[in-house]
Amino acid sequence: MTSQHRNLALLLLFLSTSPLLHSPFFTHAVSTFRPITLPRIRFVTGLDSEDYDDDEDDHHSSPPEVLFNVETSIHHRELQPCKYNPCLEKQEPCSKLSGRTGCLCPGLSGADKPPHAPRIQGLLPVSDGDNRGKVEIQWCAPPSVVSRYRVVVEGREGDALEFGDALRRGLVGSLEVGTKVCVEAVNHAGHSTPSDFSCKRYDLPESSDQKLLAGVIGGGVALFLLLLIAAVILWKHRMYKKAKRNSTDGLGNPSYSTEGTL
């Protein structure tokens, strides 16, 4: 044990008197060496501010509170077009429908511009009631702001008929076949320009009796053609059998020979 103490003392004495420890290289290496500092790891066991150290409260703030707005779900919902038919009358305006349900309305030109032309659906005669014999016009609204509609009949341009903006039909009285009728949309900026789809000439619609008569005539002609074709086929079949029978009788007669008459 004493020998070990003696060896340790000699080693320390040698190191203390060694010139290597006092060399500039060793001194520079020790001075430029920087200790590695590991980051401090904090364990948070709660969300209360009391769980933080006092010295850390001055430098760190509490985690930001995340708020979820209920209205954000509306923005992520797929928007649908409004259930608005421009050809139906007395509907709720699309602007009010959009404000109430959040749907999308078709694009409309502003009130500061003349409206686009409406589209005529038809000119139909009234078949019953007090207005029997008169003609009713039906149209669809244009994609514009409209305050009223005006119907102009050919030959009566000075006596135009006016209807409200919520209406899509109206009576134009008695019309002759071929009379031209136009519907115009009107607002504070002016009126629409007549077009091919906003004007139409009146034509009598085919009645059910006329359609039935045309069907009967067509069916009769088709039946006649079928009977004619069947008669031609039957006649050709009989002619073919007759010719075949005559050729058979000629071969069986011994008076016929290739060497002449016997």
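Our structure's up above, just so we're on the same page.
What counts and how
- Residues numbered from 1 in each chain as written.
- Predicted model: local features only at pLDDT ≥ 70, side-chain atom pairs only at ≥ 80, totals over all residues.
- Heavy atoms only, no water.
- Helix = DSSP H or I, 4+ residues; strand = E, 2+ residues; numbered from the N terminus.
- Buried < 20%, exposed > 50% of the residue type's maximum accessible area, 1.4 Å probe, protein only.
- Contact = heavy atoms within 4.5 Å.
- Areas by Shrake-Rupley, 256 points an atom, 1.4 Å probe, with all protein chains shown as cover.
- Pairing = 2+ DSSP bridges.
- Axes fitted to C-alpha atoms, helices over the stretch in contact; angles between N-to-C directions.
- Salt bridge = Lys/Arg side-chain N within 4 Å of Asp/Glu carboxyl O.
- Disulfide = S-S within 2.5 Å.

1. Observations regarding the overall build of the protein chain
Secondary structure summary: the protein chain contains six helices and eight strands in total. For the protein chain, the succession of helices and strands along the chain, N to C, is α-α-α-α-α-β-β-β-β-β-β-β-β-α. Classification of the 262 residues of the protein chain by burial places 19% in the buried group. Put simply, of all contacts in the protein chain between residues at least 6 apart along the chain, 55% involve residues at least 24 apart. For the protein chain, the exposed area adds up to about 21,400 Å²; of that, 59% sits on carbon and sulfur atoms.

2. Some thoughts on the sheet that holds strand β5 (residues 169-173)
The antiparallel open sheet is built from three strands, whose spatial order is β1-β2-β5. Here the strands that pair on one side only, and so sit at the sheet edges, are β1 (119-125) and β5. Strand-to-strand twist of the sheet, defined as the mean angle between neighbouring strand axes without regard to direction, takes the value 25°. As judged from the six bridges shared by β1 and strand β2 (residues 135-140), these two strands associate in the antiparallel manner. Across the sheet, the residue bridging to I120 is W139, located in β2.

3. A look at the pattern of salt bridges
This structure, assessed with the given rule, holds six salt bridges. Between E89 and R169 there is a salt bridge; the shortest N-O distance is 3.8 Å. Here E89 is found in the loop between α4 (72-76) and α5 (94-101), whereas its partner R169 is found in strand β5, with 80 residues between them in sequence. Relative accessible area serves as the criterion here: at 28%, E89 is assigned to the partly exposed category.

4. Regarding the state of the cysteines
Inspection of the entire model under this criterion finds four disulfides. A sulfur-sulfur distance of 1.9 Å marks the disulfide that ties C82 to C103. On the sign convention where negative is left-handed, the bridge of C82 and C103, at about 95° about the S-S bond, is right-handed. Placement of the pair is C82 in the loop between α4 and α5 and C103 in the loop between α5 and β1, with a sequence separation of 21 residues. Each disulfide pairs two cysteine sulfurs, and for C87 the partner residue is C140, the sulfurs being separated by 1.8 Å. Classification of the bridge connecting C87 and C140 rests on its S-S torsion, roughly 100°, and on that basis the disulfide is right-handed. With C87 in the loop between α4 and α5 and C140 in strand β2, this residue pair connects regions lying 53 residues apart in the sequence.

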